[in-house]
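Listed here are the chains, written in short residue letters.
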Amino acid sequence: MESQKTINKDSNETSLAERQKKYYSHLFRKFVLLTVLCSLVPLLLVGWGISVYYTGFAKDRMMNSLRTEVEHHKRIIELFLAEHSSKLHLIAHSHSKGYLTQIANLNDIFEMINRDYWAITDLGIIDADGRHLAYIGPYDLMSKNYSQAFWFKEVMEKDLYISDMFMGFRKDPHFVIAVSRLENGSKWILRATINTEVFRSLVENVRIGKTGEVYLLNRQGIFQTTPRFQGNIMQAASYPIEAIYKGMRVKILKKKNGFPNERRPRQITCETWLENPKWLLVVKQNYSEAFNDVNHANYATLIFLHLSALTILLVAILSTRHMISAIKKRDHESDQLGKQLMQAGKLAAIGQLSAGVAHEINNPLAIVLTERQLLLDAAARHPIQCSEFEKQFKDSMNQIDVQVQRCKRITQNLLRFSRRTESVLETVDINQFIKEIIELMEREARASGIKFFVELDQALPALISDPSQLQQVFLNIITNAIDAHDAKPYGSIRIKTQVDQAHDGVTITFEDSGSGIAPENLVKIFDPFFTTKSVGKGTGLGLSICYSIMKQLGGNISVRSELDTGTEFVLFIPNRPPMELEKDMAMHEAS
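Residues numbered from 1 in each chain as written. Predicted model: local features only at pLDDT ≥ 70, side-chain atom pairs only at ≥ 80, totals over all residues. Heavy atoms only, no water.

Asker: Is there a simple way to think about the sheet that holds strand S8 (residues 267-273) in this case?
Answerer: Backbone hydrogen bonds hold the strands of a sheet together, and the pairing may be parallel or antiparallel. Ordered in space as S6-S9-S8-S7, the 4 strands form an open sheet in which the pairing is antiparallel. The outermost strands of the open sheet, each flanked by one partner alone, are strand S6 (213-217) and strand S7 (248-253). Here the strands of the sheet are splayed against their neighbours by 20° on average, with no regard to which way each runs. (Pairing = 2+ DSSP bridges. Helix = DSSP H or I, 4+ residues; strand = E, 2+ residues; numbered from the N terminus. Axes fitted to C-alpha atoms, helices over the stretch in contact; angles between N-to-C directions.)

Asker: How do you make sense of the sheet that holds strand S14 (residues 505-512) when you look at a structure like this?
Answerer: Sheet architecture is open: 5 strands sit in the order S11-S13-S14-S16-S15, paired in mixed fashion. The outermost strands of the open sheet, each flanked by one partner alone, are strand S11 (450-455) and strand S15 (556-562). Each strand axis lies, on average, 15° off the axis of its neighbour in the sheet, ignoring direction. Relative to S14, strand S13 (residues 491-500) runs antiparallel, the two sharing 8 bridges. Within S14, the position partnered with Val 499 by the bridge is Val 506. Here helix H12 (residues 430-447) sits on the sheet and contacts S11, S13, S14 and strand S16 (566-574); the angle it forms with S11, its principal contact strand, is near 170°. Lying over the sheet, helix H13 (residues 467-483) contacts S11, S13, S14, S15 and S16, oriented at roughly 170° with respect to S16. (Contact = heavy atoms within 4.5 Å.)

Asker: Looking at this structure, how should I read the side chain of Thr 509?
Answerer: Mapped onto the elements, Thr 509 comes out in strand S14. Given a relative accessible area of 17%, Thr 509 falls into the buried group. Apart from the residues lying within four places of it in its own chain, the contact partners of Thr 509 are Arg 494, Ile 495, Lys 496, Glu 568, Phe 569 and Val 570. (Buried < 20%, exposed > 50% of the residue type's maximum accessible area, 1.4 Å probe, protein only.)

Asker: I would appreciate a short explanation of the nonpolar core in the present structure.
Answerer: In a soluble, globular protein the nonpolar side chains are often hidden away together inside. One finds Leu 123, Phe 175, Leu 190 and Phe 199 to be the most contacted residues of the largest nonpolar core, which totals 52 residues. If one sorts the elements of this core by residue count, helix H1 (residues 2-94) sits on top with 13 residues. Both domain 1 (95-198) and domain 2 (206-290) contribute no fewer than three residues apiece to this core. With near-sequence residues (within four places) excluded, Phe 175 lies in contact with Leu 81, Ile 162, Ser 163, Asp 164, Met 165, Phe 166, Ala 192, Thr 193, Ile 194, Phe 199 and Trp 279. With 39 residues, the next largest nonpolar core counts Leu 460, Val 473, Ile 508 and Ile 517 among its residues. (Core = buried A, V, L, I, M, F, W, Y, C linked by side-chain atoms within 4.5 Å. Domains from an automatic or database assignment.)

Asker: Is there a simple way to think about the pairing of S15 in this case?
Answerer: For a regular strand, side chains alternate in direction, first toward one face of the sheet and then toward the other. Looking at chain direction, S15 and S16 are connected through 7 bridges and run antiparallel. Counterpart to Ser 561 in the pairing with S16 is Thr 567. Counting the residues between successive antiparallel strands, the hairpin from S15 to S16 contains 3 residues, one of them, Asp 564, with a positive phi of roughly 65°.

Asker: Whenever I open this one, the packing of aromatic side chains confuses me. Can you help?
Answerer: In this description, an aromatic ring pair is defined by two values, namely the gap between the centres and the angle between the planes. Taken as a whole and judged by the stated rule, the model has 14 aromatic pairs. On the numbers, 6.4 Å between centres and 5° between planes, the contact of Tyr 53 with Phe 57 is stacked. Here Tyr 53 pairs with Phe 57, and both are found in helix H1, just 4 residues apart, close to one helical turn. For the ring pair Trp 151 and Phe 152, a centre distance of 6.2 Å and an interplane angle of 75° mean the geometry is edge-to-face. Assigned by exposure class, Trp 151 and Phe 152 land together as buried. Over the ring of Tyr 139 we find Arg 170, and its NZ or CZ is 4.6 Å from the ring centre. Between Arg 266 and the ring centre of Tyr 287, over which it is positioned, the NZ or CZ distance is 3.9 Å. (Phe/Tyr/Trp six-rings, centres within 6.5 Å; stacked < 30°, edge-to-face > 60°. Lys NZ or Arg CZ within 6 Å of the ring centre and 35° of its normal.)

Asker: Would you explain the confidence of the model for the protein chain in this entry?
Answerer: For any part of a model where pLDDT is low, the fine detail of the predicted coordinates should not be relied upon. Confidence along the protein chain averages 80 in pLDDT terms, with 84% of residues attaining 70 or more. Note that residues 335-355 has pLDDT below 50 and, in this model, 4 contacts with residues that lie over four places away or in other chains. Predicted confidence for residues 412-422 stays below pLDDT 50, and this span has 15 contacts to residues more than four positions away or in other chains. (pLDDT = per-residue confidence, 0-100.)

Asker: For this particular structure, what's the right way to read unusual backbone geometry?
Answerer: Most peptide bonds take the trans form, and the phi angle of most residues other than glycine is negative. A cis amide bond links Asn 276 to the next residue, Pro 277, at an omega of 5°. With respect to the helices, strands and loops of the structure, Pro 277 is situated in the loop between S8 and strand S9 (280-286). Although it is not a glycine, Met 234 adopts a positive phi angle of roughly 75°. Of the residues examined, Met 234 reaches a relative accessible area of 28% and is grouped as partly exposed.

Asker: Is there a simple way to explain the pattern of salt bridges in this structure?
Answerer: Side-chain pairing between opposite charges can occur once the charged atoms of the two side chains come close. Tallying each qualifying case throughout the model produces 17 salt bridges. In this structure, Arg 131 engages Asp 127 in a salt bridge whose closest nitrogen and oxygen atoms are separated by 3.2 Å. Its relative accessible area of 46% is what places Arg 131 among the partly exposed residues. Since its relative accessible area comes to 10%, Asp 127 is described here as buried. Note that Asp 395 is salt-bridged to Lys 391, the shortest N-O span being 3.1 Å. Note that Asp 395 and Lys 391 are positioned in helix H11 (residues 387-411) at a spacing of 4 residues, about one turn of the helix. Residue Asp 395 is classed as partly exposed on the basis of its relative accessible area of 41%. (Salt bridge = Lys/Arg side-chain N within 4 Å of Asp/Glu carboxyl O.)

Asker: Which parts of the structure should I look at to understand H13?
Answerer: Residues lying three or four places apart along an α-helix face the same way, a consequence of the helix completing one turn every 3.6 residues. Between its terminal C-alpha atoms H13 stretches 24 Å, which fits the 24 Å expected from 17 residues at 1.5 Å a residue. Of all 17 residues in H13, 12 are buried, a share of seventy percent or more. Within H13, the full set of buried residues consists of Pro 467, Ser 468, Gln 469, Leu 470, Gln 471, Val 473, Phe 474, Ile 477, Ile 478, Ala 481, Ile 482 and Asp 483. (Expected span 1.5 Å × (residues − 1).)

Asker: I would appreciate a short explanation of H12 in the present structure.
Answerer: With 18 residues, H12 extends 26 Å between its outermost C-alpha atoms, agreeing within 8% with the 26 Å of an ideal straight helix rising 1.5 Å per residue. For H12, the principal kink sits at Met 441 and spans about 45°. Burial in H12 covers these residues: Ile 430, Asn 431, Phe 433, Ile 434, Ile 437, Ile 438, Met 441, Glu 444 and Ala 445. Of the residues flanking the start of H12, the one acting as N-cap is Asp 429, its side-chain oxygen 3.3 Å from the backbone nitrogen of Asn 431. Phi for Gly 449, located one or two positions after H12, is positive at around 75°. (Bend = angle between axes of the 7 residues up to and from the residue. Polar contact = N/O pair within 3.5 Å; in protein donor to acceptor, adjacent residues only side chain to side chain.)

Shown next, in the form of structure tokens:
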């Protein structure tokens, strides 16, 4: 009987243990499922939202960057053509036909025009009957008559004409700039042939990756420069030509509307018409390459989400096991309740600590970004000789930036960016603006032994201007000032602001104690492609772009320099930009 009771007791205990085991297993699965759902759903929603926002923002930024780069490039091309047109116009209207028909005089003018770079192949004086009166160049054209040439008729009617590419008597693709002048009742023409290779290198001077190309088309869709991948100069292009319009257009070319008879990947194009001549500037790049960074970021986000989901699952399993174990102990021992409360307090403290860490981690992230920028600046000043290491270095720097930005997006609810991506007109506090620029550049300057001295006029009014373009000008001038101290162990940069009531604006003076600029170079520093820096350190476009920006904003920039003593740049910025710029900005925002 006793043994029977013992058996029943053991049987009951076994049954109870099985029920408890099933209960705890069910509770375990339920807790894990709830924990995973409550954690994964917000994570996926946040990840999806960040991905959508970042993708849209990055694409918009890339589009705006492409538009800005193409607009700048268009201005450089138009400036090249306008400069040589103005030179020919000045020569034709400041010298008589008799003076220019003397070979020695024409040769002197030819050499003067080509003094900086060989942009003009030949130069000729042509009378009203199409005959050469004088000619300087490598071809035998004195006996040729141009009375039936298309460009001859155009320039006789328009006084200034820039032709499309044509073969002509020399049987080689070229184009001409010609001006006419009426002298003593008879017209004569000054004609110049532009160096095709120089012009092509100017047109193609845009960094657009491995799959990008730049070329010009006339209104008939004929190549005016040789494209990078397919086609030749003066051949008909398969690119669709639309009616002439103002402004700039960005398109996504697919096979059916871009290349009907060719197998080409989807491409992104940015196009704009030049003013004179009416040539279409086309910049193309494969869509996949253009948005490679966006796709890479999306892939990285996807990997991060998978890793996060796996981590959540592991944490849910471990935490649920701990919770079930705690419940078991609570069922067996009443004092486990106190321990559970202590554990909950610890978890709460850990949660608060985690929240604090999430806020504080932004500080080291900012330091990481600063150190990355210092490395990039150091690499820019001292180029890496090994191409393989340079590629690895750039890839690593890009990866650091991507990962830091991702961390900042996770730990912060409000995204903050260091510079704008689209030009807008807004109120600018110049004094505060300069302080921010100095904070950005001070560490680099201090590393070179350079100190900033600032004199800010507190009565300075707020301006209506384009902060992104002003930032580009200020950074360029300060960077040049720092570079000017390369041969010196220390130096200074003095920045001064002052109200200019006479001209309704402000003046900003940047004065450095660097190596200065030689007098013969001082008149050329605003010319495109002119630089005194060593190869690889400068493109010669920085100050030229600064000059263009200041003129566009209605201001001015001037320079004074003394060799081995220093340089002083003086900027004038009006209180309001020109009406034309405000209208253009308003139209751009409306579109």
